[in-house]
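Commentary on secondary and tertiary structure
Below, each chain spelled out in residue letters.
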Amino acid sequence: MPLPQEFHDIAARVNNWGRWGADDEIGTLNLITDEVVRAAAATVRSGRRVPLALPLRQDGVQTGMIPGRVNPLHTMTAINQEIFGPGTVATSDDAVTMGLQAATHWDGLTHVSHSGRLYNNRPADAVTAHAGATVLGIEKATPITSRGVLLDVARAHGTDLLPGGHAVTPEDLEAAEELAGTTVRAGDIVLVRTGQLRHYLAGDRQAYAFPSPGLSLRTPEWFHARDVAAVANDTLTFEIFPPEIEDLWMPVHALHLVEMGMLQGQNWNLEELAAACAEEGRYGFFLSAMAEPFVGGSGTPVAPVAVL
């Protein structure tokens, strides 16, 4: 169905087109300034490092629900090969075929479009079959290091896992913010934990994929008001799936990526981080989540690390 007026009203309120100039290609990553990074570095106390990426494996999170998004296929191209002659140093090489958004990843600003447009009023047909994203490609992303804040919505609800039909609301985010004992501020990267990844970690890929809790259509305005630099969570679809409004598919994607110019991440493993934050009694940390610079890419795998 056509995008409803409710969507267009929210889009007008969160729109960042032109905010950083007509030529801008990085959107809310502009909010990660040198001052923000210095403040983020000051959050490191124990030096405890928590990895947030899923292993890249052939039996990963993809089930075929999303056409073309294949789990990594790993192939050896050389095994102990003495390429400089007998008795010389031998090498092993390998290659991989995978969807750039197969596992833990960032969605780039060309991952979705609506009404024929991309972020900053660029035409959707700037994404081509030959070159991929000719503008707004994931390679344009500046270094993604900032203060991370875990908003553990599941824990704020007193549970390990939100039910599949739970739409995470601004009220949920504020309850998790209160639990965290911190205030989300400009330039932060917010990680929203629903507990949904526990299904995948227990071996049930189908339950992980569907139905899924996720971000509500009401949350983009919350992130916009706080000038959040990027958002990631622990689900396959990021937003609630099936959608809140019947036949309105991926509206949060469109608001974040197209209107706000804000990267969003999916399939992040927040379980160890949630335990570490609860143990240390603090939910802010230094986060490194660099985008692999695939030229023309509409997304990228990422191996984030939180440093407490």
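The coordinates are above.
Residues numbered from 1 in each chain as written. Predicted model: local features only at pLDDT ≥ 70, side-chain atom pairs only at ≥ 80, totals over all residues. Heavy atoms only, no water.

What follows deals with the packing of helix H1 (residues 5–14) against helix H8 (residues 251–260). As a packed pair, H1 and H8 sit with axes 10 Å apart at the nearest point and diverge in direction by 35°. You can see that H1 and H8 cross each other, and the crossing is right-handed. Seen from H1, the contacting residues are Phe7, Ile10, Ala11 and Val14; seen from H8, they are Pro251, Ala254, Leu255, Glu259 and Met260. (Axes fitted to C-alpha atoms, helices over the stretch in contact; angles between N-to-C directions. Helix = DSSP H or I, 4+ residues; strand = E, 2+ residues; numbered from the N terminus. Left-handed = near helix turned anticlockwise from the far one by under 90°. Contact = heavy atoms within 4.5 Å.)

It is worth spelling out the pattern of salt bridges at this point. Tallied over the full model, the rule gives 16 salt bridges. Note that glutamate 279 and arginine 48 form a salt bridge whose closest N and O atoms lie 3.4 Å from each other. Within this pair, whereas glutamate 279 is found in helix H9 (residues 271–280), its partner arginine 48 is found in the loop between helix H2 (34–41) and strand E1 (49–51), the two being separated by 231 residues in sequence. Across the pair arginine 226 and glutamate 174 runs a salt bridge, and its minimum N-O distance is 3.8 Å. (Salt bridge = Lys/Arg side-chain N within 4 Å of Asp/Glu carboxyl O.)

Our next topic: the packing of aromatic side chains. Going through the model one piece at a time under the given rule, you end up with five aromatic pairs. The interplanar angle of 65° and the centroid separation of 5.0 Å between the aromatic rings of tryptophan 106 and tryptophan 268 together place this pair among those described as edge-to-face. Here the residue tryptophan 106 occupies a position in strand E4 (residues 105–107), and tryptophan 268 occupies one in the loop between strand E14 (263–266) and H9, the gap between them amounting to 162 residues. For the pair formed by tryptophan 106 and tryptophan 268, the shared burial category is buried. Measuring from centroid to centroid gives 6.0 Å for tyrosine 200 and tyrosine 208, while their planes differ by 45°, and the two rings are tilted. Both residues of the pair, tyrosine 200 and tyrosine 208, count as buried. (Phe/Tyr/Trp six-rings, centres within 6.5 Å; stacked < 30°, edge-to-face > 60°. Buried < 20%, exposed > 50% of the residue type's maximum accessible area, 1.4 Å probe, protein only.)

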